[in-house]
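Secondary and tertiary structure notes
Here is how the chains run, residue by residue.
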Amino acid sequence: MTPHKPFSRDNAKPTHAPEATLERIARETLDIETLETRDSDSLDFHDVPVWRLKDALEAAYRAGLSAANSPRSK
């Protein structure tokens, strides 16, 4: 299965999730302090149980739905 890239309403350019949203989901759902690379295995690699990963993916999905339905994106 080929992954799909998100596109803006006019399909001109791919859109990217705001960094702050991704950082918030990582902190709140996965207990990951930052998504910045810190060049240390103990800081850059995390053991995450599948149920927390599922929670994080659902949070990202909800954030995307919310952004797509916001008046700013239309």
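Scroll up for the structure.
These lines cover the structure that appears in this document, whether it is placed above or below.

Analysis parameters
Residues numbered from 1 in each chain as written. Predicted model: local features only at pLDDT ≥ 70, side-chain atom pairs only at ≥ 80, totals over all residues. Heavy atoms only, no water. Salt bridge = Lys/Arg side-chain N within 4 Å of Asp/Glu carboxyl O. Helix = DSSP H or I, 4+ residues; strand = E, 2+ residues; numbered from the N terminus. Buried < 20%, exposed > 50% of the residue type's maximum accessible area, 1.4 Å probe, protein only.

**Focus: the pattern of salt bridges**
One pass over the full model with this rule turns up three salt bridges. Note that Glu-28 and Arg-24 form a salt bridge whose closest N and O atoms lie 3.4 Å from each other. Remark: Arg-24 and Glu-28 occur in helix H1 (residues 19-30); sequence separation between them is four residues, near one turn of the helix. Of the residues examined, Arg-24 reaches a relative accessible area of 33% and is grouped as partly exposed. Notably, a salt bridge pairs Asp-31 with Arg-52, separated by 3.4 Å at the nearest N-O pair. Separated by 21 residues along the polypeptide, Asp-31 in the loop between H1 and helix H2 (41-44) and Arg-52 in helix H3 (residues 50-69) bring together distant segments of the chain.

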